[in-house]
Amino acid sequence: MTVRVRFAPSPTGSLHIGGARTALFNWLFTRQNNGAFVLRLEDTDLERHLIEAEKGITTSLRWLGLDWDEGPEVGGFFGPYRQSERINLYRNEAQRLLNSEMAYLCYCTPEELAAMRQEARQRGLAPRYNGKCRHLDQAARQKKEAGGFLPVIRLKTPREGSIIVSDLIRGEVSFENNNLDDFIIMKSNGIPTYNFACVVDDSLMQINYVIRAEEHLSNTPKQILLYQALGYNLPFFAHVPMILAPDRSKLSKRHGATAVEEFRLQGFLPEAIVNYLALLGWSPGDEREKMPLSDIIKLFSLNAVSKSAAIYDIKKLTWLNAQYLNSLPLERIIAEAIPFFQKLGLIPSQTEQIDHAYVAKVVETVRTRIHTLVELAEASTYFFRDDFNYEEKGVRKFFSSLNASEILAHGREALAKTEPFDILAVEAAYRNLSHTLEVAGSKLIHPTRLALTGKTFGPGLFDIMVTLGKTKCLERLERAINWIKNNLC
């Protein structure tokens, strides 16, 4: 049996990390089993459907590297893959249920439904539909339709017994049938409800593993009843744990970025996000945290997915992102960093005008001490701009001493004589200068760093010097010497 899974988002907003994690688990499972990963867009919510959201979802999935074998932009044998293009399929299947008397037309008005719910509450029961139209005869239906009432279609649900959901993660979960009402499968406007469209699509698309979020577990008994009524084969179900905020509340924007696009704009790498999401509810069986995707695919198992909620930890994701920024090939990081440099106006917007060799030196110098691409660009500004200010705390600590300008002048003189201008040579020049002046190396390094960058913290000073180059270093040391004389002397 070929494994067939699906990810079926509703295009009403951005791809949330919860949805991305669900997509990832489906993708990992099918890649491990050489199956098919299907993308289906559940776009029948006409009031909330957004074209730009659909594009955002597909763009985010591709950015994460979660390619689909069937679906929008790809095609396949079981399309169309947008529910809005499958309406006739749902209507035909609903009619089949009406013909077999497994479903019925309901003409109850909103006011009647509200009265039913109120009566149930007064009796201490769960508010639900009481089956009023379940046994309407043909004459009663014709009278309702003559009065202009547009019916919905409801499934006849059993009043006794229970539904057992055999879940690959949670084991057997039982639901009593007397807690279910005759739920709607087709609205009065001819649009299917979520549960009905989902079951029809999963069956006709031959989906045999339904891997989705825990919040959908309560929908599963209704869907099983639909599978049975329609004569479909049941898929295997697996409900993955929720993702909660650190305080175990529902995850929301107040806890930081929650959409894939937000993470991209904040300078996170897709490798880091995929690695992090894989560990939200799943464990490889050891203490590893940074894992290549090939290992995750090889080790992933639904049996190792936890039943307990996963806790969202932005600090861990940020740490993991820093690890990838420092370990991925330099060329990859440069390509990712360029748009962030351009956004700050550090490099030209036209690719052909960019000094790629210099950008490579800057990225290599800075990337070991930052956590995101935004930080990388912000920490690189002094490599591209000469008109920076000196940090006030640095001025007080390193420029205010009586001999600060003299120290910088000695440094400038030493660097002017240094050839070749590489790490070994500039480091040796400063060590020799420290010995000659009989001062600690820090007495030279800290004011020089401030003179060259305007900052008191950053990459190694000698890496900065070599990246800037001799001419730039000499110019900035001269600028700092003159600034001290004009402002502090």
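Residues numbered from 1 in each chain as written. Predicted model: local features only at pLDDT ≥ 70, side-chain atom pairs only at ≥ 80, totals over all residues. Heavy atoms only, no water.

Here the focus is the packing of aromatic side chains. Under the criterion given, the structure shown has 14 aromatic pairs. Their ring planes at 75 degrees and their centres at 5.6 Å tell us that Phe341 and Phe384 sit as a pair that is edge-to-face. Within this pair, whereas Phe341 is found in helix 12 (residues 330–343), its partner Phe384 is found in helix 15 (residues 381–384), the two being separated by 43 residues in sequence. Residue classification places Phe341 among the buried residues on the basis of a relative accessible area of 0%. On the basis of relative accessible area, Phe384 is assigned to the partly exposed category, the value being 22%. Geometrically, the ring pair formed by Tyr358 and Phe384 is edge-to-face, given 5.5 Å between the ring centres and 80 degrees between the ring planes. A residue pair is termed long-range when its members are at least 10 positions apart, and Tyr358 in helix 13 (residues 356–366) and Phe384 in helix 15 qualify at 26 residues. In this arrangement the basic side chain of Arg62 is found over the ring face of Trp68, its NZ or CZ atom lying 4.1 Å from the centre. Residue placement shows Arg154 over the ring face of Tyr129; its charged tip is 3.7 Å from the ring centre. (Phe/Tyr/Trp six-rings, centres within 6.5 Å; stacked < 30°, edge-to-face > 60°. Helix = DSSP H or I, 4+ residues; strand = E, 2+ residues; numbered from the N terminus. Buried < 20%, exposed > 50% of the residue type's maximum accessible area, 1.4 Å probe, protein only. Lys NZ or Arg CZ within 6 Å of the ring centre and 35° of its normal.)

Once that is clear, we can look at the pairing of strand 2 (residues 36–39). A two-sided burial pattern is seen for strand 2, the buried positions comprising Ala36 and Val38 on one face and Phe37 and Leu39 on the other. Relative to strand 2, strand 1 (residues 4–7) runs parallel, the two sharing four bridges. What sits directly across from Val5, in strand 2, is Phe37. Chirality of the crossover, the property in question, places the unit of strand 1, helix 1 (residues 17–32) and strand 2 among those that are right-handed. (Pairing = 2+ DSSP bridges. Right-handed = clockwise from strand over helix to strand, strands pointing away.)

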